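Structural overview for review
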Amino acid sequence: MGHTATPPPATGGLTATEHRLANGLRVVLSEDHQTPVAAVCLWYDVGSRHEVPGRTGLAHLFEHLMFQGSAQVKGNGHFELVQGAGGSLNGTTSFERTNYFETMPAHQLELALWLEADRMGSLLAALDDESMENQRDVVKNERRQRYDNVPYGTAFEKLTAMAYPEGHPYHHTPIGSMADLDAASLEDARAFFRTYYAPNNAVLAVVGDIDPEQTLAWAERYFGSIPGHDGKQPPRDGSLPDVIGAEVREVVREEVPARALMAAYRLPHDGTREADAADLALTVLGGGESSRLYNRLVRRDRLAVTAGFGMLRLAGAPSLGWLDVKTSGDAEVAAIEAAIDEELKRFAEEGPSPEELERAQAQLEREWLDRLATVAGRADELCRFAVLFGDPQLALTAVRRVLDVTAEEIREVAAARLRSDNRAVLVYEPTAPADAQSADNAEAAETAEEEGGAEQ
């Protein structure tokens, strides 16, 4: 068992240590004795970008299968044991990873570690046709509820396919297609598990009211005997030109409450200074009710009831800038687009004002602090930076890099990327007059990208 040196104190006095078991499992520990709880977070380096055409949706299907029982824990036992001990739990899938997490009373930490190790080491002992069919139906039903049968539900899937070309590893979303879910066999699932659910393809973070030596000893006891697997292929190359090259557009006529304009812009890869600059640009332009687009479209021109511009950060492909505008009354999309283009052109020429820059940096700093403030949020951030960028310590210093970005860098990335030839546009036209305006569906992108849902 190798240990790395303890790092210097990080922002806010938070620290973390990293250790590696002989089988390759990386263990990240962060003490926090403010409350008697402990968070366990396990990230597997597998998401929808690792899937191959014809077998999409396996990563998300496995997120559900992991709650179907293992050698020592039958059926729904994982939920029953955690919740019976006063804990909470779930899992989510994205393009780039699958994660599982529990928050437990501190004295129940050992139980959570044992449960995670049992399913990592022995899920195949319990995986059979019955559990496969059960969870295949659950995922298909989730697809109907979150995508196919809700207003604007297919927007994220459509825009992703438009922004990333056919054959690109991010062209399809984690939910997968109905046809591929039907086609997946039990042997497909077993091969997928053997390849990706191995300790050397995972990071375990434990944060909270813990004894690091005891926690590490438990990790060694329960995970240490699980063999690694060397058969994983690297994900396919997700790099693309910075700019799409021409606007891609689709009009969708559906039963929706109001006209909507949504767009996806290609932005820099996560983990770069340019990505931080882009995040700040979108925060100024569309991050909340003080943003430029909200002030222009909702308050001043009264063309929209909501207007937001957010960033979906991606490490293995260009990130996405997600624009979401729901119209007011009979407002025309053309008028909204003209106003947006005018605001983007002005921003590309002038950049943010000093006040806007300060406010945007404070907003991103607050979001970062909110994530690290809970033991579960900190465990997730430590896993994210360990899996995607190789170093969990970066989670504790991320805000420093955001606060270091200049107004000119923000203007430059806006001028280079927030252009009409670098966007996929989706226009929703109602098929019938709506009785009421939509409250908002601005969380569609985040909900879709994070296919959560092992809830019982």
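First, a word on what this report is: a plain description of the structure on this page. (Residues numbered from 1 in each chain as written. Predicted model: local features only at pLDDT ≥ 70, side-chain atom pairs only at ≥ 80, totals over all residues. Heavy atoms only, no water.)

Tallied over the full model, the rule gives zero disulfides. Sulfur of Cys41: no disulfide; nearest cysteine sulfur belongs to Cys383 and is 3.9 Å away. Judged by its relative accessible area of 1%, Cys41 falls in the buried class. (Disulfide = S-S within 2.5 Å. Buried < 20%, exposed > 50% of the residue type's maximum accessible area, 1.4 Å probe, protein only.)

Regular strands have side chains that alternate between both faces of the sheet. Of all nine residues making up strand 11 (residues 319-327), nine are buried, and the element is well covered by its neighbours. The alternating pattern of strand 11 places Ser319, Gly321, Leu323, Val325 and Thr327 and Leu320, Trp322, Asp324 and Lys326 on opposite faces, both of which are buried. With eight bridges connecting them, strand 9 (residues 260-267) and strand 11 associate as antiparallel partners. By the bridge assignment for strand 11, Ala260 is matched with Lys326. As paired strands, strand 10 (residues 304-312) and strand 11 are joined by eight bridges and run antiparallel to one another. Its bridge partner being in strand 11, Thr306 is matched across the sheet by Lys326. The loop that links strand 10 with its antiparallel partner strand 11 comprises six residues. (Helix = DSSP H or I, 4+ residues; strand = E, 2+ residues; numbered from the N terminus. Pairing = 2+ DSSP bridges.)

Bringing the packing of helix 9 (residues 273-286) against helix 15 (residues 407-417) into the picture now. Contact geometry for helix 9 and helix 15: axes closest at 8 Å, N-to-C directions at 85 degrees. The pairing of helix 9 with helix 15 is recorded here as roughly perpendicular in orientation. On the side of helix 9, the interface is formed by Arg273, Glu274, Ala277, Ala278, Leu280 and Ala281, while helix 15 contributes Glu409, Ile410 and Val413. Looking at the contact of helix 9 with helix 15 residue by residue, the class counts come to six nonpolar, no polar and three charged. (Axes fitted to C-alpha atoms, helices over the stretch in contact; angles between N-to-C directions. Parallel < 35°, antiparallel > 145°, perpendicular 65-115°, else oblique. Contact = heavy atoms within 4.5 Å. Nonpolar A, V, L, I, M, F, W, Y, C, P; charged D, E, K, R; others polar.)

Grouped together as the largest cluster of nonpolar side chains are 52 residues, with contacts concentrated most on Tyr44, Phe62, Leu113, Tyr197, Leu204 and Phe223. Sequence-distant contacts of Tyr44, that is, excluding residues within four places in its chain, are made with Met66, Arg97, Thr98, Tyr100, Met120, Tyr196, Tyr197, Ala198, Asn201 and Ala202. Formed by 41 residues, the second largest nonpolar core is a distinct cluster that contains Ala275, Ala277, Ala331 and Val333. (Core = buried A, V, L, I, M, F, W, Y, C linked by side-chain atoms within 4.5 Å.)

For the rest of this paragraph, the subject is the sheet that holds strand 8 (residues 248-254). Pairing in this open sheet of five strands is mixed, and the strands run 8-12-9-11-10 from one edge to the other. In this open sheet, the two edge strands, each paired with only one partner strand, are strand 8 and strand 10. With direction set aside, neighbouring strand axes in the sheet form an average angle of 15 degrees. Packing of helix 5 (residues 155-163) onto the sheet brings it into contact with strand 8, strand 9, strand 10, strand 11 and strand 12 (423-430), and relative to strand 12 it is tilted by some 145 degrees.

Our next topic: helix 2 (residues 77-84). Of all the positions in helix 2, only Gly77, His78, Phe79 and Val82 are classed as buried. Looking at the packing, one finds that the buried side of helix 2 touches strand 5 (88-93), strand 6 (98-105) and helix 3 (109-126).

Tracing the sequence through the fold places Glu289 in the loop between helix 9 and helix 10 (292-300). As for Glu289 and Thr306, which are separated by 17 residues in sequence, their C-alpha atoms are 9.0 Å apart. With residues up to four places along the chain from it excluded, the contact list for Glu289 reads Tyr294, Asn295 and Arg299.

Take the packing of helix 12 (residues 354-373) against helix 13 (residues 375-389) next. Remark: helix 12 packs on helix 13, axes separated minimally by 5 Å, with the N-to-C direction vectors making an angle of 105 degrees. The orientation of helix 12 with respect to helix 13, classified from their angle, is roughly perpendicular. The residues of helix 13 that touch helix 12, namely those facing Arg371, Leu372 and Ala373, are Val375, Gly377, Arg378 and Glu381. Its residues placed into classes, the contact of helix 12 with helix 13 shows three nonpolar, one polar and three charged.

Once that is clear, we can look at the pattern of salt bridges. A side chain of one charge can pair with a side chain of the opposite charge when the charged atoms of the two come close. Taken as a whole and judged by the stated rule, the model has 43 salt bridges. Of the charged contacts, one joins Asp270 and Arg313 as a salt bridge, the two residues approaching to 2.6 Å between their closest N and O atoms. Linking Asp270 in the loop between strand 9 and helix 9 with Arg313 in the loop between strand 10 and strand 11, this pair joins segments that are 43 residues apart in sequence. Here Arg384 makes a salt bridge to Asp270, at a shortest N to O gap of 2.9 Å. Here Asp270 lies in the loop between strand 9 and helix 9 and Arg384 lies in helix 13, a separation of 114 residues in the sequence. In this pair, the class of Arg384 matches that of Asp270, namely buried. Counted as one network, the salt bridges with shared partners bring together Asp270, Asp276, Asp279, Arg313, Arg371, Glu381 and Arg384. (Salt bridge = Lys/Arg side-chain N within 4 Å of Asp/Glu carboxyl O.)

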